[in-house]
Amino acid sequence: MAMDTHRDLGPQLEELRAKGLFCDVTMIFPRDGGRSMHVHRNILASCSEYFRTLFTFNMTTSCHMEVEIPGISYGDMEAIVRYAYTQTADLSPSNIESVIVTADRLNVLGLLKACEEFLLSHVSIENVVGMLKIAKYLHCPVLEESALTFILRNFVDIARNSNEFLQLTPDELAQILRTDELIVEREDHACSAVVRWVDFLPDIRTAFLPQLLRSVRLGLLSSTKFSDVIRKYSNLPIDSEASRLLHKGYELCLIRSAWRLQNVRRNVLLRPTSVSCSGRFRMNRVGDSETVHYSRFVFVFVFCCGHVTRYENKEASFEHSVAYHAMVSMGKILYVIGGYTTVKYLNSAKKYEPFTKTWIEIAPMHCSRCYVCAAEVNGLIYACGGFDGTNRHRSVERYNPVKNQWQMVSDMNSVRSDAGVCGVDGKLYIAGGFSGTECLNTAECFDPSTNEWTLLSPMNYRRSGVTVVAFRQAVYAIGGFNGSIRLDEVEKYYPERGAWFPVKEMIKGRSNFAAAVMESRIYVVGGYDGTGTTGHVEFYDSERDEWCEASSLRIGRSAASACTLRGLDNVKDYTFYGMEAHLYKLPDKGLDFFSESPRPSRHVRSLLRNRIAKKGNSS
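Residues numbered from 1 in each chain as written. Predicted model: local features only at pLDDT ≥ 70, side-chain atom pairs only at ≥ 80, totals over all residues. Heavy atoms only, no water.

Peer 1: Explanation requested: the sheet that holds strand S25 (residues 537-541) in the structure shown.
Peer 2: Either a parallel or an antiparallel arrangement is found when strands of a sheet pair, and the pairing is made through backbone hydrogen bonds. Taking strand neighbours across the sheet as the criterion, the 4 strands line up as S23-S24-S25-S26 in an open arrangement whose pairing is antiparallel. Of all the strands in the sheet, the pair left with one neighbour each is strand S23 (514-518) and strand S26 (546-550). The average angle at which neighbouring strand axes cross in this sheet is 25°, direction not considered. Where strand S24 (residues 521-525) lies against S25, 5 bridges are found, and the strand directions are antiparallel. Considered in S25, the bridge of Arg521 is made with Asp541. (Pairing = 2+ DSSP bridges. Helix = DSSP H or I, 4+ residues; strand = E, 2+ residues; numbered from the N terminus. Axes fitted to C-alpha atoms, helices over the stretch in contact; angles between N-to-C directions.)

Here it is, written out as structure tokens:
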């Protein structure tokens, strides 16, 4: 109530101050040539202990006092006084730095909080490093944590494009690189960040190269990156610490492919980060289509530099086996919808809360749906088509998580089971499937605002068991079965162009596989290749328009489903650190094992010379 009263009176008090009425303090600003400002002492004293102490110390018998405010500009004090009178802050990118420093100095806590909120709402690639430095200087833990989190999640863009990145101290950069929550698609990006930082002032910063190299997972770098870096720093003495680090890391890089990844995790240079290694890719899967071995477990697959590690999460397991279901992530919640249990076609649905690691049954659908596809659009989950053991559906229903209710929407134009669906720009796109008599090449779009389905241009291939994903504002239809063979063909649909365009074909044809988008790549996992279930894993690199192989799963799986979850507060629980770290004694700091082998082996030195020489000739 007192605060509301203050806000109501604020404009009136500000008007009195502007007219100089009833003001009993004149503040003098030596920094601005003795410029003065008239204020009411009670108003300022009520917002800051600094002013309360200042006015008490300078108390005189006179009704009016003059005080000097050294080191603070008139403009910054104007922002402080405005806040004291109106509880509002006139903040902008041009004055925020000086105002927050002044608010901290004068102990105006309300304005300090307003400045923090302003900075948090304006964080960007270009200013976040400066924001982090301000937060440390002013001891603002909330702002510091938020800025650091933003840096960890956008490190690659910051390291490439931010000029402020070059102003990091070596200790700050090393701390960021060591952090297990750092998100980089490949460890090569972390090494490139070090090279850019050092090259800004090479005469000074080369001395910090060992400290920074120790903070990079050198064992996870590509051999090509190693060759480039070793050539770049070829003038370093062979016995220098930086040179030994590079050569030892390259030795580990060469032997990494010959060892199982989990056998070398005790080595710090090969340790995955908590956000699932340098790829930082987490894929949750439920289910398996093998005739006998249906799966009821949730698996977390961690991809790292071409390797894949599977963790079985027994705490998150279903109470029964399930396949041919759909899985959708929304926010930080995972939803599993419909499916088949070997004996029953399901209309049930569950959600998994990763933080509490619990499954919760939600409202059942109106129809049983096996071979169902589902996607999220505008905070609602749409379950499309499917098969109930007798009939194939053209019906669609959507789930509202706030109301815990399913609602029927308009039917599709075609009966579809085993189709693929995704959401793009607030609309639902579905393609392919099986009608009961033939594999489909048709596609259609649902607009929630009109509750209508519209037929789209047909695909170039008939596809049942197809997977459809949204990627870079396009609808990608991947693989599937055309009635004769499992397809490796991929095509994409641009809504604004209204047509399908070919994409580079996959390495392996497949149907009924899992797919998810992460870190600017489309990953496809498992499926049926025409002869049996496969554990083959590959990803699409859109920049090069090509598919690349990743390590295969240990067990082939099809009719599974996959999705990605982002921003989990307890992400470590689902990766190496939550599943296996207790099995190894991991050193907290330093790479002491370098002392065991200060120089690379003779064989590795020979490989280094040959590879670098070969690359030099080719260039």
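Peer 1: Could you clarify how one ought to interpret the side chain of Ser243 in this entry?
Peer 2: Tracing the backbone through its elements, the reader meets Ser243 in helix H15 (residues 241-256). The buried category is assigned to Ser243, whose relative accessible area is 5%. In this structure Ser243 touches Pro237 and Ile238, once residues within four positions along its chain are discounted. (Buried < 20%, exposed > 50% of the residue type's maximum accessible area, 1.4 Å probe, protein only. Contact = heavy atoms within 4.5 Å.)

Peer 1: Can you walk me through the nonpolar core in this structure?
Peer 2: Soluble globular proteins tend to bury their nonpolar side chains together. Residues Met27, Leu44, Phe51, Phe55, Met77, Phe155 and Phe165 are the most contacted members of the largest nonpolar core, which totals 85 residues. Top element by residues in this core is helix H4 (residues 74-86). It accounts for 8 residues. Ignoring anything within four residues of it in the chain, the contact list for Met27 reads Arg35, Ser36, Met37, Val39, Leu44, Phe51, Val67, Ile69, Met77 and Val81. (Core = buried A, V, L, I, M, F, W, Y, C linked by side-chain atoms within 4.5 Å.)

Peer 1: So what exactly am I meant to see when it comes to the pattern of salt bridges here?
Peer 2: Pairing is possible between side chains that carry opposite charge, provided their charged atoms lie close to one another. Summed over the entire model, instances satisfying the criterion amount to 17 salt bridges. Note that Lys351 and Glu353 form a salt bridge whose closest N and O atoms lie 3.9 Å from each other. Taking relative accessible area as the criterion, Glu353 reaches 22% and is therefore assigned partly exposed. Between Glu538 and Arg510 there is a salt bridge, with its nearest N and O atoms 2.7 Å apart. Placement of Glu538 in strand S25 and of Arg510 in the loop between strand S22 (499-503) and S23 is noted, with a sequence separation of 28 residues between them. The same class applies to Glu538 and to Arg510, which are both buried. Taken together, the salt bridges that share partners define one network made up of Lys133, Lys136 and Glu172. (Salt bridge = Lys/Arg side-chain N within 4 Å of Asp/Glu carboxyl O.)

Peer 1: Where do I start with the pairing of strand S17 (residues 443-447) in this structure?
Peer 2: Both faces of the sheet carry side chains from a regular strand, because those side chains alternate between them. By the criterion of burial, S17 is predominantly enclosed, with 5 of the 5 residues buried. On S17, burial covers both faces: Ala443, Cys445 and Asp447 on one face and Glu444 and Phe446 on the other are all buried. Of the pairings in the sheet, the one linking strand S16 (residues 427-431) to S17 comprises 4 bridges and is antiparallel in character. Counterpart to Leu428 in the pairing with S17 is Phe446. Hairpin connection, S17 to strand S18 (residues 452-455): the antiparallel pair is bridged by 4 residues, and Asn451 has positive phi, about 55°.

Peer 1: Would you mind going over a nonpolar patch on the surface with me for this structure?
Peer 2: A surface patch of nonpolar side chains, about 270 Å² in accessible area, is lined by Phe200, Leu201 and Ile204. The topology assignment puts Ile204 in helix H12 (residues 202-205). Look at Ile204 and you get exposed, because its relative accessible area is 55%. (Patch = residues over 30% accessible without salt bridge, like charges linked within 9 Å, V, L, I, M, F, W, Y side chains within 5 Å. Areas by Shrake-Rupley, 256 points an atom, 1.4 Å probe, with all protein chains shown as cover.)

Peer 1: Sorry, what's going on with the packing of aromatic side chains here?
Peer 2: Any two aromatic rings considered together are summarised by their centre-to-centre distance and by the angle between their planes. Under the criterion given, the structure shown has 20 aromatic pairs. Seen from their ring centres, Trp197 and Phe208 are 6.3 Å apart, and the 75° between their planes marks the pair as edge-to-face. Here Trp197 is found in helix H11 (residues 187-200), whereas its partner Phe208 is found in the loop between H12 and helix H13 (209-213), with 11 residues between them in sequence. A relative accessible area of 29% places Phe208 in the partly exposed class. A ring pair is formed by Tyr352 and Trp359, whose centres lie 5.0 Å apart and whose planes are at 45°; its orientation type is tilted. According to the relative accessible area criterion, Tyr352 is buried, its value standing at 2%. Owing to a relative accessible area of 17%, Trp359 belongs among the buried residues under this scheme. Here the aromatic cluster, defined as three or more aromatic residues joined through ring pairs, consists of Tyr324, Tyr340, Tyr345, Tyr371 and Phe387. (Phe/Tyr/Trp six-rings, centres within 6.5 Å; stacked < 30°, edge-to-face > 60°.)

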